[in-house]
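The primary structure of each chain is shown beneath.
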Amino acid sequence: MATVKKKNSMPVFSLVSPQAMGGIHGGDGYSYQDRYIVCNIPKWISDPTFVRLMPEGTGDVDVVFIQNRKHFYDHIQVKNHLVTNSEFADVIKTFLQIHSGTKKVYRTFYLACPQVSADISTFYNKLTRYRDAQKLYTGSDKKALKTTEAALRASLAKLKLQKYYSFIVNHFELEIGKYDFGDTIICKRQFVSYLNEHPKYKEKVFELLSPAYPHLIEQIVSNRGKVFTGQLLHKLIDEAIAGKKAGFKTNVIHIHNWEKGIFEPKANITIDWTKYFDRSIKKVPDSTLWDDVLVPEIVAAKNKLANKTSVRHITFRGKCALSTGISLGMIFPEIGNWTFELMQPPLIDPWRSDAEKKLKYKPIYSEISPSTLGIKSKGDELAIVFNITGKALSDVAGFFKSSAMPLKKIITIQPEAIPGTLSIKNDSEAVALASASKDIIKRMITKYNSKKIHLFYFGPYGLAVFLGQKLTSVGSIQLYEFQDPGYKPSCLLKS
């Protein structure tokens, strides 16, 4: 009877095969493997192509990525001991079995372990050099790699894996002893290190630590001539990070324009101008009252604080005209180390003038010839029109046409978003818009050699204060208030 020769075939792989369930069935190495996975999560989620991971899927962890709408898998086996030649061979064979049994959806197979045998280490060093050299040669020049390839194949032969050459070169990676995943402290440090490289969590760390900066500024300015020991500096930083800010000082200013309200915290300085304002008829003070009484009263408040305390932080409360906000900011400028914290309804969180500004914020601005709006186009004066919560240009044009006042150019500025009640989402955007607007105004003043600007502002009060703080060295600024049916001059400020 003839014997039938059986065909050699590789065992069929499935997700419930012993190779796939080895980690789940066995208990050894769990702690080491789990720590490896958690330590690498920050690295994986920092990759924009990352989709998901599956611990103990086809091995210790499978990580899924997507590129051009196609999913790719990285398979990682984690060992908590020195990998010998025989175990390494078993791992490679299992990897290829998975690779073949899953229709090659796996991109890379990783073996992570604290140590490997000398033969494996020698082989992987050669593999690394070979891969690096491959990047240097193209086309017929690749023949220069023949001796390197021969040495690599010889190392694989020593490991009895020569027939796996192509798979290993194209799909295998080895991680040897990067960190001691058996040590919880080391793992925590590595986890935090990786997490801090992720843009989202890098910002979280910044938010956690950044309060120390303004707190130290306040302490240094308030205690000139005082010795700050290392112990005291650590204490101040710890207080700021913990949110305690022991000894934090602020100047509380209440200014009442449209109505006299009750605010917290209680004021160090209160300025009551309610007799000069009437919201029901949109009555505002005339320019003489602004220039001779109101603005000097804010200047007096500033001088009083400057003579009494070196604290440069202001907590502001009040319902005020926009000219009050811009004037307040200009009188307490950023260049003088003054900072503000104020409420900006309907937002709940207060705005701070020292908030970290939004990066790459670009307001939209345009230069308009006055003649296109029926305004005399002469002289060297500019009109700066802020369209933040709405559009003011038509009312501004109406004012200049009725007053027959000539202009060199009209500059309109608006936020990145469409003008509206919530076009500025937070203090970060407000600070960015104020800073960018200052730069635009200075460029326009230089471009048109202007000595005076007419500033029309339609926007949130908080941004008006922040903008005022930044308007230094821009010449004379004439502010305006809207009083139905149009604008009227308020105060003239010298920057």
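In this report, the structure presented in the accompanying data block is examined. What you see as residue numbers is a count from 1 along each chain, following the sequence as written. Restriction of local features to residues with pLDDT of at least 70 applies here, the model being predicted, together with a cutoff of 80 or more for giving and counting side-chain atom pairs; totals for whole chains, interfaces and linings are based on all residues. Computation of side-chain values covers all heavy atoms of the structure but excludes hydrogens and water.

1. Considerations on helix H10 (residues 230-242)
Because each turn of an α-helix spans 3.6 residues, side chains separated by three or four positions end up pointing in the same direction.
Step number 1: Secondary structure elements follow DSSP: runs of H or I of four or more residues count as helices, runs of E of two or more count as strands, with numbering from the N terminus. Expected span of a helix, by definition, is 1.5 Å for each gap between consecutive residues, and there is one gap fewer than residues. Taking 1.5 Å of rise per residue, 13 residues should cover 18 Å, and H10 covers 18 Å from first to last C-alpha, within 8% of that figure.
Step number 2: Relative accessible area decides the class of each residue, using a 1.4 Å probe on protein chains only: under 20% of the type maximum gives buried, over 50% gives exposed, and in between gives partly exposed. Every buried residue belonging to H10 is among Leu 236, Glu 239 and Ala 240, and all of these are buried. Buried residues of H10, seen end-on, are gathered within an arc of 95° and therefore sit on one face of the element. Pointing more than 90 degrees away from the buried face of H10 are the exposed residues Gln 231, His 234 and Ala 242.
Step number 3: Phi turns positive one or two residues past the end of H10, at Gly 243, with a value near 80°. Note: the arc covers the axis-to-C-beta directions of the helix.

2. Things to note about the sheet that holds strand E2 (residues 61-67)
Step number 1: If you walk across this open sheet you meet the five strands as E1-E2-E3-E5-E7, and the pairing is mixed. Each edge of the sheet is formed by a strand with only one pairing partner; in this case those strands are strand E1 (50-55) and strand E7 (172-176). Taking the axes of each pair of neighbouring strands and ignoring which way they run, one obtains an average angle of 20° across the sheet.
Step number 2: Where strand E5 (residues 106-113) lies against E7, five bridges are found, and the strand directions are parallel. For Phe 109, the partnering residue across the bridge sits in E7 and is Phe 172.
Step number 3: Contacting strand E3 (70-78), E5 and E7, helix H3 (residues 85-101) runs over the sheet at an angle of about 160° to E5. In this scheme, strands are said to pair when DSSP sees at least two bridges between them. Comment: axis = line fitted to C-alpha atoms, over the contacting stretch for helices; angle = value between 0 and 180 degrees taken between N-to-C directions. Two residues form a contact once any of their heavy atoms are found within 4.5 Å.

3. Topic: the packing of aromatic side chains
Step number 1: Side-chain rings of Phe, Tyr and Trp (the six-membered ring for Trp) are treated as a pair once their centres are within 6.5 Å; stacked means planes under 30 degrees apart, edge-to-face means over 60, and tilted covers the remaining angles. One pass over the structure, following the stated rule, counts 24 aromatic pairs.
Step number 2: Ring plane angle 90° and centroid distance 6.1 Å describe the contact between Phe 332 and Phe 340, whose orientation is recorded as edge-to-face.
Step number 3: By relative accessible area, which is 0% here, Phe 332 ends up buried.
Step number 4: The interplanar angle of 65° and the centroid separation of 5.6 Å between the aromatic rings of Phe 400 and Phe 456 together place this pair among those described as edge-to-face. Note that Phe 400 is positioned in helix H13 (residues 393-403) and Phe 456 in strand E16 (residues 452-458), a separation of 56 residues in sequence.

4. What to know about a nonpolar patch on the surface
Step number 1: Together, Val 205, Leu 208, Leu 209, Ile 237 and Ile 241 make up a nonpolar patch on the protein surface, roughly 350 Å² of accessible area in all.
Step number 2: The set of elements that each furnish at least two residues to the nonpolar patch consists of helix H8 (199-209) and H10.
Step number 3: The dominant element in the nonpolar patch, judged by the number of residues it contributes, is H8, at three residues.
Step number 4: Residue placement: Leu 209 occurs in helix H8. Patch definition: residues above 30% relative accessible area lacking any salt bridge, with like charges linked at up to 9 Å and the nonpolar side chains Val, Leu, Ile, Met, Phe, Trp and Tyr linked at up to 5 Å. For every accessible area listed, the method is Shrake-Rupley and the probe measures 1.4 Å; residues are considered covered only by the protein chains on display. A pairing counts as a salt bridge when a side-chain nitrogen of Lys or Arg comes within 4 Å of a carboxyl oxygen of Asp or Glu.

5. Remarks on the nonpolar core
Step number 1: In this text, buried Ala, Val, Leu, Ile, Met, Phe, Trp, Tyr and Cys residues form a nonpolar core when linked through side-chain atoms within 4.5 Å. Of all hydrophobic cores here, the largest spans 63 residues; its most connected members are Trp 273, Phe 316, Phe 332, Phe 386, Ile 441, Tyr 457 and Phe 466.
Step number 2: At 10 residues, the largest contribution of residues to this core is made by helix H14 (residues 427-448).
Step number 3: The residues contacting Tyr 457, other than those within four sequence positions of it, are Leu 322, Ile 326, Phe 386, Ile 388, Leu 463, Ala 464 and Leu 467.
Step number 4: Residues Val 91, Leu 96, Phe 123 and Leu 127 belong to the second largest nonpolar core, which totals 31 residues.

6. Regarding the side chain of Ser 327
Step number 1: By secondary structure assignment, the location of Ser 327 is in helix H12 (residues 322-331).
Step number 2: Setting aside chain neighbours within four positions, we find Ser 327 in contact with Val 295, Ile 298, Leu 479, Cys 491 and Leu 493.

7. Quick word on H13
Step number 1: Within H13 the residues assigned to the buried category are Val 396, Ala 397, Phe 399 and Phe 400. The buried residues of H13 occupy one face: seen down the axis, they fall within an arc of 155°. Those residues of H13 that are exposed and aimed more than 90 degrees away from the buried face are Ser 394 and Ser 402.
Step number 2: In this fold, the buried residues of H13 make contact with strand E14 (382-387), E16, strand E17 (476-483) and strand E18 (486-494).
Step number 3: Just downstream of H13 lies Ala 404, where phi reads positive at about 60°.

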